[in-house]
Amino acid sequence: MSNPDLPAMSCIERLVALFGSQAEVARRLSLDRAVVNNWVKSGYVPARWAMEIERVSDGRISAVEILDEAGAKRPVKVKSRPDDFGALYSGSQSMNPYAPAKRISSFHPPQRTLMGPGPTEIHPRVLTTMSQPAIGYLDPVFVEMMEELKSLLRYAFQTKNALTFPVSGPGSVGMEYCFVNLVRPGDKVVVMKNGVFGGRMVENVERCGGVPVVIDHEWGEPCDPQKLEDTLKKNRDVRVVAFVHAETSTGALSDAKTLVEIAHKHDALTIVDAVTSLGGCPVLVDEWGIDAIYSASQKCLSCTPGLSPVSFTERVVDYVKARKDKIHSWFMDMNLLLGYWGATTRTYHHTAPTNSLLGLHEALLLLREEGLENAWARHQRHHLALKAGLEAMGLKFLVKEQYQIPQMNAVFVPEGVDEAKVRRTLLEEFSLEIGAGLGPLAGKIWRFGIMGYSCRPDNVMLCLSALGSVLSDMGLPIHVGEAEAAAHDAYAKMHQSAAQQKKKAMAAAA
Ligand SMILES: Cc1ncc(COP(=O)(O)O)c(C=O)c1O
């Protein structure tokens, strides 16, 4: 029985008691011990850790307890200045015609499960890192971090390319960066278009003054190597071939290795979009010989949106350096940005988004700790379980099995179902976000992303159970529980086969 005379234990004290030591708490949360020690000293756990702590403690310390305690110890300050300070502005402030009409408080987003096409949930370690104090972008400590960040990105891209770094801006900026630097006015560029993002590549070629040669595909099909071969035979003067490795709008994965091989046979450079693929399935830049590649921070890398990792071969760097014409975007001119991100110098180009870069460093470190191959296997494992569940509900995939992207699952909306209502109900009742179809697939498909930190068994099971219950409420012949059982069965089979393989490997090594 608790003694009312003794002060109640704080959540952090209970957590340490539960796991036996601060070091063990740090290990379970994949955190530095100093962070946990800091929580012990301050007597509370910051609110953003609430869900993670509920998870690691198997619910013995609930998220609500953490939030209540954090709220009491460190209440959110709604007013921006003390009342008497307001007297300085008396009259003028309240009458300011530009002041917002409604009273605005600090913004606190709800806790969502993100299973759309991105962004994904962000690992708590990344969020914690991003809330570190500001530091100058030329501070020697920051510059050292940049070098580590570049090496971690080389690992993620599986490349030794010296010029591998994050462009400041979302994936669309990475895309534009590649086109602006590689495409000169008048250059012929083959774009393999099999969804929304291939369409954006065509736009980019046109805006650079290039001449696009578009190879169209049905949405849901991967890019066809034979079509590329035929097009390049007919167009001997093509300079660049561009395609999307993992087309997020449909969930189709293309054979990047073969497409790059064909492009090179015809002496063309390649631009590859790896926004959805990087970190979720193999992207082997050196082995496949990709010349220019871009990705984004908010998908399988589990970071906040706003950074676009890119990588270029020496050949591309030399090609861009040798361009006689002025690259028509100042911000994206590779020659200028080399001064900040290049091998030797660190001079001002633009104010780098320092805290976002710290976040990406941590996200990539998490990937390194997990191991790239393990991360790919994780996406595949949860894809198979999700797929088993969705199919048990009678839902059909848009993309043929052999071309499905594990982290981006597109299924047809059943006949007669109001697809927007389903998404709305999932959000309102289960705080679960899934994606809608785009372009010609709008209203016809749902897209279930299991990317990065969102790619977890609890998310897969929540999604199946929430979707099953919403569809059955709408009158569909869904047997609630069947999808979850199918997913469990898929997990069980995978665990069994992994255990057998491990046993065999141990026997062989003995
Ligand atoms: C394949 C692909 N390319 C490019 C982009 C554009 O990235 P961003 O939205 O970060 O600008 C996306 C975004 O979803 C994408 O999925």
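Residues numbered from 1 in each chain as written. Predicted model: local features only at pLDDT ≥ 70, side-chain atom pairs only at ≥ 80, totals over all residues.

### Here's the deal with the overall build of the chain
Put simply, the rule is: Every helix listed is a DSSP run of H or I at least four residues long, and every strand listed is a run of E at least two residues long, numbered separately from the N terminus. With the radius of gyration taken over C-alpha atoms, the globule rule is written as 2.2 Å times the number of residues to the power 0.38.
A count of helices and strands for the chain gives 20 helices and 13 strands. Against the 2.2 N^0.38 benchmark of 24 Å for 510 residues, the chain shows a C-alpha radius of gyration of 25 Å, consistent with a compact globule. Expressed along its principal axes, the backbone C-alpha trace of the chain runs to roughly 85 × 65 × 65 Å.

### Section: the environment of M145
With respect to the helices and strands, M145 occurs in helix α8 (residues 140-157). Separated by 121 residues in sequence, M145 and E24 have C-alpha atoms that sit 27 Å apart.

### Some thoughts on the environment of R184
The following threshold applies: With C-beta atoms placed from the backbone, a residue counts as buried when 20 or more other C-beta atoms lie within 10 Å of its own, as exposed when 12 or fewer do, and as partly exposed for counts between those limits.
In this fold, R184 is placed in the loop between α9 (171-182) and β3 (188-193). Under the C-beta neighbour-count criterion, R184 is labelled partly exposed, with 17 such atoms within 10 Å. Once the C-alpha coordinates of R184 and L307 are considered, the two residues, 123 residues apart in sequence, prove to be 25 Å apart.

### A closer look at the site of the ligand
What counts, and what does not: We call a residue near a molecule or strand when the C-beta position, derived from backbone atoms, sits within 6 Å of it.
Taken together, the neighbourhood of the ligand is formed by 14 residues, with P170, G171, S172, T248 and V275 sitting nearest. With three residues, the top contributor of residues to the shell around the ligand is α9.

### Quick notes on the sheet that holds β3
Just so we agree on the cut-off: The rule for pairing is simple: two strands pair if DSSP sees at least two bridges between them. Only C-alpha atoms enter the line fits that serve as axes; for helices the fit covers just the stretch in contact. Angles between N-to-C directions range over 0 to 180 degrees.
In spatial order, the strands read β2-β10-β9-β8-β5-β3-β4; together these seven strands make up an open sheet with mixed pairing. Each edge of the open sheet carries a strand with a single partner, namely β2 (163-168) and β4 (211-216). The average angle at which neighbouring strand axes cross in this sheet is 20 degrees, direction not considered. Sheet topology note: the strand β5 (residues 238-244)/strand β8 (residues 269-273) ladder contains five bridges and is parallel. By the bridge assignment, A242 is partnered in β8 with I271.

### Quick look at the sheet that holds strand β12 (residues 432-436)
What holds strands together in a sheet is hydrogen bonding between their backbones, with the strands either parallel or antiparallel. The cut-off we apply is this: Distance between backbone-placed C-beta atoms decides contact: two residues are in contact if it is within 7 Å.
The strand order across the open sheet built from four strands is β1-β12-β13-β11, with neighbouring strands paired in mixed fashion. If you trace the sheet from one side to the other, it starts and ends with β1 (113-115) and β11 (408-412), each paired once. When the angles between neighbouring strand axes are averaged without regard to direction, this sheet yields 30 degrees. Where β12 lies against strand β13 (residues 445-449), two bridges are found, and the strand directions are antiparallel. Paired with A436 across the strands is W446, a residue of β13. Taken strand by strand, helix α17 (residues 372-392) contacts β11 and β13, and its axis lies near 10 degrees from that of β11. Each of β12 and β13 is contacted by helix α18 (residues 419-430), which is oriented at about 160 degrees to β12, the strand it contacts most.

### Comments concerning the pairing of β5
In terms of burial, β5 is a largely internal element, six of the seven residues being buried. Pairing analysis gives five bridges linking β3 to β5, with the strands arranged parallel. Within β5, the residue paired with K188 across the bridge is V238.

### A look at α17
Here is the rule: Every helix has an expected span of 1.5 Å times one less than the residues it contains.
Compared with an ideal rise of 1.5 Å per residue, which puts 21 residues at 30 Å, α17 spans 30 Å between its outermost C-alpha atoms and is within 8% of the ideal. Once α17 finishes, G394 follows within two positions and takes phi at roughly 90 degrees, a positive value.

### Some thoughts on α8
With 18 residues, α8 extends 26 Å from end C-alpha to end C-alpha; this agrees with the ideal 26 Å at 1.5 Å per step. Buried residues of α8: L149, K150, L152, L153, R154, A156 and F157, and no others. Taken together, the buried residues of α8 touch β2, α13 (285-288), β9 (292-294), β10 (307-312), α16 (354-370) and α17. Just beyond α8, the residue with positive phi is Q158, at close to 55 degrees.

### Some words on unusual backbone geometry
Glycine aside, residues mostly have negative phi angles, and peptide bonds mostly take the trans form. The peptide bond linking G118 to P119 adopts the cis configuration, its omega dihedral lying at 5 degrees. Within the fold, P119 resides in the loop between β1 and α7 (124-130). If you check the backbone angles, Q158 has positive phi at about 55 degrees while not being a glycine. Considering the arrangement of structural elements, one finds Q158 in the loop between α8 and β2. You can call Q158 partly exposed: it has 17 C-beta atoms within 10 Å. With phi around 65 degrees, D267 is a residue other than glycine that occupies positive phi space. Following the sequence through the fold, D267 ends up in the loop between α12 (256-265) and β8.

### Structural notes on the pairing of β4
Note the cut-off: Here a crossover is taken to be right-handed if, once the strands point away from the viewer, the path from the first strand over the helix to the second is traced clockwise.
Both β3 and β4 contribute to a ladder of six bridges, which runs parallel. Each residue of the ladder has a partner; that of V190, found in β4, is V213. For the crossover that starts at β3, traverses helix α10 (residues 196-207) and ends in the parallel β4, the hand is right-handed.

### A short note on the packing of helix α11 (residues 225-234) against α12
Note the cut-off: Roughly parallel refers to an angle under 35 degrees, roughly antiparallel to one over 145, roughly perpendicular to one between 65 and 115, and oblique to any angle outside these ranges. Residue polarity is assigned by list, with Asp, Glu, Lys and Arg as charged and Ala, Val, Leu, Ile, Met, Phe, Trp, Tyr, Cys and Pro as nonpolar; anything else, Gly included, falls into the polar class.
Contact geometry for α11 and α12: axes closest at 10 Å, N-to-C directions at 10 degrees. With respect to α12, the axis of α11 lies roughly parallel. Counting all contacts with α11, which are made through P225, L228, E229 and L232, the residues of α12 involved are T258, L259 and I262. Residues belonging to the contact of α11 with α12 are distributed by class as follows: five nonpolar, one polar and one charged.

### Notes on the environment of G306
Its place among the elements puts G306 in the loop between β9 and β10. According to the C-beta neighbour criterion, G306 is buried, with 20 such atoms within 10 Å. Spatially, the C-alpha atom of G306 lies 22 Å from that of G251, the residues being 55 residues apart in sequence. Discounting residues that sit within four places of it in the chain, G306 has contacts with G169, P170, S297, P353 and S356.

### What to know about the packing of α18 against helix α19 (residues 457-473)
Selection rule: In this scheme the handedness of a crossing depends on how the near helix is turned from the far one: anticlockwise by less than a right angle means left-handed, clockwise means right-handed.
Running from N to C, α18 and α19 cross one another at 120 degrees; their axes reach a closest spacing of 10 Å. Here α19 runs oblique to α18, going by the angle between their axes. For the pair α18 and α19, the sense of crossing is right-handed. Residues V422, T425, L426 and F430 of α18 form the contact with α19, whose participating residues are L462, A466, L467, V470 and L471.

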